[in-house]
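# Summary of the model geometry
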Amino acid sequence: MILRPVSLSYFAKTPAPSSIIRGQNFTVECVTGADGADDFIHSDHETILLIPESEATLTMDSETVEIESRSIAVVPAGAFQLHLPFGARAFALTTGRRDMDPRSVVNADDYRLLDGRVIPVAKPMVRLEKDANRIRVYSVDEIPFPEGNPRLKFFQSSTMSINWVEYEGQRDRTKLSPHAHEDFEQGSLAIAGDFVHHIRTPWVSNAEEWREDQHIEASAGSMAIIPPELIHTTEGVGPGRHILIDVFAPPRADFITKGWVFNAGDYQA
C-alpha cells in the first residue's frame, strides 16, 4: 500500500481574484468577484460551475446566461467569461484546463509524482441533447434527493461527478459514513461551515507503516484531497449551515448505476 497522506489546502484569501486547488485528474478554481474584472476560463472538457451565494453572468461565444444564486451550471468545452458581484465566490470544476498558471495552484507540489492507483479520465461521455453546446443551468433547490439517499444530491459532467451535501447544524455523530475508494481520489470542497475530516489508514503487515487516526479540522474555503484506500468520513461541526461538495473524476459509475445522479440521462458513455 502507498501511504500517501490526505492533503488539506485553502484557497487564497481576497483580494486574490482566483486560486486553484487540484487533484490528480481535476482542478477546482475559486473565483472571487472584483470591481470591473471578469474571470476567463478555458477548458477542453465541460466545466461544472458552482454558484452558491450570489447571482452571476456567464458568457460563451454569442450566448449570455444570467445565473441565480444556488445554481449549478454545466458549461461546454471551450472558453467562457464569468462575472460576479464584488466579493462573491464561484467554483469552477474541470478536468481539461488549458489556461492554468501553475503558480496559482496552491497544492502543486503534491503532484510532482503521480499516484498510479488513480484511474485516469478516459474519453469524455457524450452529451445526448441536440443543442449539446448550450450552457445548462440547474437550481440546487429543485434537484430532488434520490430515492434511498435523502442527504446528498448527485450531479455530473462528461468527465466528473459531484455530491452536494448540505445540512443545518452539527452532523449526527451516530450516523457517520466511513468508507474508502480503491482507485480514485475524493476532493472534499468546504463552501460553508466547519468540518472535521476523520481519516484512518488501514493496517499493513509492516507495523512500522501504521499510522494514528487523523481528525483534520477544515473550514469554508478549503479542499481536502483524499487518496485511494484511506478510510474517511466528514463531520460538520458547530452551528449554522454546512455545505460540502465531494468531487470525483471520472464520473462515479456506481452512483450512475444506482440511479442517483440527477442528470445522468443527459449522457452516454
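In case you missed it, the structure is sitting above this.
One structure accompanies this document, and this report is about it. Please read all numbers here as calculations on a predicted model, not as lab measurements.

### As for the sheet that holds strand S19 (residues 231-237)
Across the sheet, which stays open at both edges, the 3 strands sit in the order S17-S16-S19 with antiparallel pairing between neighbours. At either end of the open sheet lies a strand with only one pairing partner, and these are strand S17 (214-219) and S19. On average, adjacent strands in this sheet sit at an angle of 20 degrees to one another, irrespective of strand direction.

### Some points on empty space enclosed by the protein
Tallying each qualifying case throughout the model produces 1 cavity of 30 Å³ or more. Here the largest cavity is characterised by a volume of approximately 40 Å³. As for the largest cavity, its lining consists of Ile72, Val140, Ile143, Lys153, Phe154, Phe155, Ile162 and Trp164. At the level of secondary structure, the elements contributing two or more residues to the lining of the largest cavity comprise strand S13 (152-156) and strand S14 (161-168). The leading source of residues in the lining of the largest cavity is S13, at 3 residues. A per-class count over the lining of the largest cavity returns 7 nonpolar, no polar and 1 charged.

### Concerning the pairing of strand S3 (residues 27-32)
As a general feature of sheets, a regular strand has side chains that alternate between the two faces. Most of S3 sits out of view: 6 of its 6 residues are buried. A two-sided burial pattern is seen for S3, the buried positions comprising Thr27, Glu29 and Val31 on one face and Val28, Cys30 and Thr32 on the other. Sheet analysis places strand S2 (residues 18-22) next to S3, joined by 5 bridges and oriented antiparallel. Following the sheet pairing, Ile20 is matched in S3 by Glu29. The turn joining S2 and S3, which pair antiparallel and follow one another in sequence, is formed by 4 residues. Bridge count between S3 and strand S10 (residues 89-94): 6 bridges; the pairing is antiparallel.

### Here's the deal with the pairing of strand S20 (residues 241-248)
Most of S20 sits inside the fold, with 7 of its 8 residues counted as buried. Sheet topology note: the S14/S20 ladder contains 8 bridges and is antiparallel. Looking at S20, one finds that Ile162 is bridged to Val247. Sheet analysis places strand S15 (residues 186-192) next to S20, joined by 5 bridges and oriented antiparallel. Paired with Ala190 across the bridge in S20 is Leu244.

### Concerning the pattern of salt bridges
A pair can form between side chains of opposite charge whenever their charged atoms are brought close. In this structure the tally under the stated criterion is 20 salt bridges. The residue Arg127 makes a salt bridge to Glu46 at a minimum N-O spacing of 3.1 Å. On the criterion of sequence distance, the pair formed by Arg127 in strand S11 (residues 126-127) and Glu46 in the loop between strand S4 (39-43) and strand S5 (47-51) is long-range, its members being 81 residues apart. When its relative accessible area of 8% is taken as the criterion, Glu46 is described as buried. Arg134 serves as the salt-bridge partner of Glu63, at 3.0 Å between the closest nitrogen and oxygen. Of this pair, Glu63 sits in strand S7 (residues 63-67) while Arg134 sits in the loop between S11 and strand S12 (136-139); the two residues are 71 residues apart in sequence, bridging distant segments of the chain. For Glu63, a relative accessible area of 15% puts it in the buried group. Taking relative accessible area as the criterion, Arg134 reaches 43% and is therefore assigned partly exposed. Each of the salt bridges in this network shares a partner with another, and the network as a whole consists of Arg4, Asp115, Arg117, Glu185 and Glu229.

### Side note on the nonpolar core
Grouped together as the largest cluster of nonpolar side chains are 30 residues, with contacts concentrated most on Leu50, Ile72, Phe91, Leu93, Leu189 and Ile245. Of all the secondary-structure elements, those providing two or more residues to this core are S3, S5, strand S8 (71-75), S10, S14, S15, strand S18 (222-226) and S20. For Leu93, the contacting residues outside a window of four places in its chain are Thr27, Val28, Glu46, Thr47, Ile48, Leu50, Met160, Ile162 and Val247. One finds Leu49, Val65, Ile67 and Ala90 within the second-largest nonpolar core, a separate group that totals 18 residues.

### Description of the layout of surface pockets
Empty space within the largest pocket amounts to approximately 400 Å³. Lining the largest pocket are 24 residues, and of these Arg151, Leu152, Ser177, His179 and Asp246 sit closest to its centre. For the lining of the largest pocket, the elements supplying multiple residues, two or more each, are S13, S14, S19, S20 and helix H1 (253-257). Taken together, the residues that form the lining of the largest pocket break down as 9 nonpolar, 9 polar and 6 charged. Looking at the second largest pocket, its volume works out to about 200 Å³.

### Topic: the packing of aromatic side chains
With the rule as written, the count across this model stands at 10 aromatic pairs. Between Tyr138 and Phe262, the aromatic rings sit 6.1 Å apart at their centres with planes inclined by 90 degrees, giving edge-to-face as the arrangement. Pair noted here: Tyr138 is in strand S12 and Phe262 is in the loop between H1 and strand S21 (267-268), with a separation of 124 residues, a long-range link. Over the aromatic face of Tyr111 sits the side chain of Arg22, whose NZ or CZ is 4.5 Å from the ring centroid.

What counts, and where the lines are drawn
- Residues numbered from 1 in each chain as written.
- Predicted model: local features only at pLDDT ≥ 70, side-chain atom pairs only at ≥ 80, totals over all residues.
- Heavy atoms only, no water.
- Pairing = 2+ DSSP bridges.
- Helix = DSSP H or I, 4+ residues; strand = E, 2+ residues; numbered from the N terminus.
- Axes fitted to C-alpha atoms, helices over the stretch in contact; angles between N-to-C directions.
- 1 Å grid on protein atoms, 1.4 Å probe; cavity = no way out; pocket = protein on both sides within 12 Å on 5 of 7 lines; lining within 4 Å.
- Points joined across faces, edges and corners; volume = space filled by probe spheres on them.
- Nonpolar A, V, L, I, M, F, W, Y, C, P; charged D, E, K, R; others polar.
- Buried < 20%, exposed > 50% of the residue type's maximum accessible area, 1.4 Å probe, protein only.
- Salt bridge = Lys/Arg side-chain N within 4 Å of Asp/Glu carboxyl O.
- Core = buried A, V, L, I, M, F, W, Y, C linked by side-chain atoms within 4.5 Å.
- Contact = heavy atoms within 4.5 Å.
- Phe/Tyr/Trp six-rings, centres within 6.5 Å; stacked < 30°, edge-to-face > 60°.
- Lys NZ or Arg CZ within 6 Å of the ring centre and 35° of its normal.

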